[in-house]
Amino acid sequence: MTGFGHQPFLVYLRQMTVFMKKIILILSVLLPLAVSCGAPKENPMLEELDGVLRDKATYDGYFSDRMAVLKSVLADQDDPEQIYNINRRISDAYKSHSFDTTIFYLNRNKDIAQSLKDDFKADETDLLMIQSYIMAGYHAEAAEMYARFDPESVSQALWPLFVNVSHRYYGEMSAYISTDDSAEEKLEWRDFYRGKLLAMTPEGSFDWYYLKREEADAARDYDKVTEYAGKMVEVAQVNTHDYAKGCYFYQEALQDDDPQRVEWLVRSAVADVMCSVKDYTSLNTLSRLLFENGDIDRAFRYAADHCMEDALYFNGRLRQWQISQFFPQIEQAYNERNMKQMKV
């Protein structure tokens, strides 16, 4: 019986060792190249947003706890004036969280106003309802209620709220008008009430910079638009609803292909989640932008697990319609990619 001798075997072993070292060396060079060329580098800010979204239930719990305190105070009241004021505070807190709850507490205040025969409270509540309707996309309902108001007959005490609501009403309606002439007329009224509103808004405040940003945008002075949007971010407390709005408007002022847009949208979305805001636009915009940049998984996850879910929870028409304009495309790409991977 013959076999390998000791010397030939040792030679073979050395050759194999050298060969394996070469393979390891080659792989150590090629694998990082494959990873860097074949997969996008993770964005730390997107990873932070992912973490915040995973904790969304916790932030919603904080919001519910705050509302529970207000509701417990409300339950102890028997003075209609106090009940009215607390109802208004609760409805305002729910304004970006739940449309139905906002309207529920405003309707309670309508009942109180009627029982007290208090015209001021009745008109104030109607204006707050118009504001909620228009922001949630219930334009017909808002238009029907707004038509009842005559600017010439609005009391001096109610004038600031009327101006605020009118500015928002005409601004939102201008975007959903079928003819150019009607839209232009609505924008003229928006600009008219913006001027009135600016005169009664403290200079240098968040709301003042918001109005100045809009004014610059109407004048197509885009350098000023960027400047005022930046000031909105600067004066807002981090991770508040104002901060979320400021970050969104700042990214909107950037060029479409500016990579910083993702960063500012993330900042805005994080603040929205932490404030338990359900009626938002930042995460919707970010989902669409990530899809355009090739991040199908994250775009689908944001849109399916959060954007649509939160829009349904809030129960406004506007966000659901906006999401319906881009989500089917993301869903189709996501499903087609998964089918291809299964075939492979």
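Relevant structure appears above.
A few points on the structure. (Residues numbered from 1 in each chain as written. Predicted model: local features only at pLDDT ≥ 70, side-chain atom pairs only at ≥ 80, totals over all residues. Heavy atoms only, no water.)

### A look at the overall build of the chain
Looking only at helices and strands, one finds 17 helices and zero strands in the chain. Within the span of the chain, comprising 344 residues, buried residues form 41% of the whole. Here the contacts in the chain between residues at least 6 apart in sequence split such that 61% fall between residues at least 24 apart. Of the roughly 20,000 Å² of accessible surface on the chain, 53% is carried by carbon and sulfur atoms. (Helix = DSSP H or I, 4+ residues; strand = E, 2+ residues; numbered from the N terminus. Buried < 20%, exposed > 50% of the residue type's maximum accessible area, 1.4 Å probe, protein only. Contact = heavy atoms within 4.5 Å. Areas by Shrake-Rupley, 256 points an atom, 1.4 Å probe, with all protein chains shown as cover.)

### A short note on the packing of aromatic side chains
Summed over all chains, the structure comprises 27 aromatic pairs. An aromatic cluster of three or more residues is present, and its members are Tyr 146, Phe 149, Trp 159, Phe 162, Tyr 169, Tyr 170, Trp 189, Phe 192 and Tyr 193. Geometry around Phe 326 places Arg 288 over its ring, the cationic atom sitting 5.4 Å from the centre. (Phe/Tyr/Trp six-rings, centres within 6.5 Å; stacked < 30°, edge-to-face > 60°. Lys NZ or Arg CZ within 6 Å of the ring centre and 35° of its normal.)

### Points about the packing of helix H7 (residues 139-146) against helix H8 (residues 159-174)
Between H7 and H8, whose axes approach to 12 Å, the crossing angle comes to 140°. By the criterion of interaxial angle, the relationship of H7 to H8 is oblique. Crossing hand, H7 versus H8: left-handed. Residues His 139, Ala 142, Ala 143 and Tyr 146 of H7 lie in contact with H8, whose contacting residues are Phe 162, Ser 166, Tyr 169, Tyr 170 and Met 173. Residue composition of the contact of H7 with H8, grouped by class: seven nonpolar, two polar and no charged. (Axes fitted to C-alpha atoms, helices over the stretch in contact; angles between N-to-C directions. Parallel < 35°, antiparallel > 145°, perpendicular 65-115°, else oblique. Left-handed = near helix turned anticlockwise from the far one by under 90°. Nonpolar A, V, L, I, M, F, W, Y, C, P; charged D, E, K, R; others polar.)

### Side note on helix H15 (residues 296-314)
With 19 residues, H15 extends 25 Å between its outermost C-alpha atoms, agreeing within 8% with the 27 Å of an ideal straight helix rising 1.5 Å per residue. The sharpest bend along H15 reaches about 35° and sits at Ala 303. Taken residue by residue, H15 has Ile 296, Arg 298, Ala 299, Phe 300, Tyr 302, Ala 303, His 306, Cys 307, Asp 310, Ala 311 and Phe 314 as its buried positions. Looking at the residues trailing H15, positive phi occurs at Asn 315, about 70°. (Expected span 1.5 Å × (residues − 1). Bend = angle between axes of the 7 residues up to and from the residue.)

### Thoughts on the pattern of salt bridges
By the definition in use, this model includes 24 salt bridges. A salt bridge links Asp 92 to Lys 95; its shortest N-O distance comes to 3.1 Å. Judged by relative accessible area, Asp 92 falls into the partly exposed class, the value being 46%. Lys 95 gets classed as partly exposed once you look at its relative accessible area, which sits at 34%. One continuous salt-bridge network, built from bridges that share partners, spans Lys 56, Asp 60, Lys 278, Glu 309 and Asp 310. (Salt bridge = Lys/Arg side-chain N within 4 Å of Asp/Glu carboxyl O.)

### So, the nonpolar core
Counting 79 residues, the largest nonpolar core has Leu 49, Ile 130, Leu 283 and Leu 286 as its most contacted members. In contact with Leu 283, not counting residues within four places along its chain, are Leu 49, Leu 53, Ala 269, Tyr 302, His 306 and Cys 307. One finds Met 67, Leu 70, Leu 74 and Tyr 94 within the second-largest nonpolar core, a separate group that totals eight residues. (Core = buried A, V, L, I, M, F, W, Y, C linked by side-chain atoms within 4.5 Å.)

### Focus: the packing of helix H2 (residues 44-54) against H15
Two numbers describe how H2 lies on H15: the axes approach to 13 Å, and their chain directions differ by 25°. Accordingly, the angle class assigned to the pair H2 and H15 is roughly parallel. With respect to the hand of their crossing, H2 and H15 are arranged in left-handed fashion. Facing Leu 46, Glu 47, Leu 49, Asp 50 and Leu 53 of H2, the residues of H15 in contact are Arg 298, Arg 301, Tyr 302 and His 306. Grouping the constituent residues of the contact of H2 with H15 by class yields four nonpolar, one polar and four charged.

### A few points about the side chain of Lys 121
With respect to the element layout, Lys 121 can be found in helix H6 (residues 119-136). Lys 121 sits in the buried class, given a relative accessible area of 8%.

### Here's the deal with a negative patch on the surface
Taken together, the side chains of Asp 181, Glu 184, Glu 185 and Glu 188 define an acidic patch exposed on the protein surface. Looking at the element boundaries, Glu 184 is found in helix H9 (residues 180-199). (Patch = residues over 30% accessible without salt bridge, like charges linked within 9 Å, V, L, I, M, F, W, Y side chains within 5 Å. Lys, Arg positive; Asp, Glu negative; His and termini not counted. Charge placed at Lys NZ, Arg CZ, Asp CG, Glu CD.)

### Describing the environment of Phe 99
With respect to the secondary-structure elements, Phe 99 resides in helix H5 (residues 99-116). Residue Phe 99 is classed as buried on the basis of its relative accessible area, which comes to 7%.

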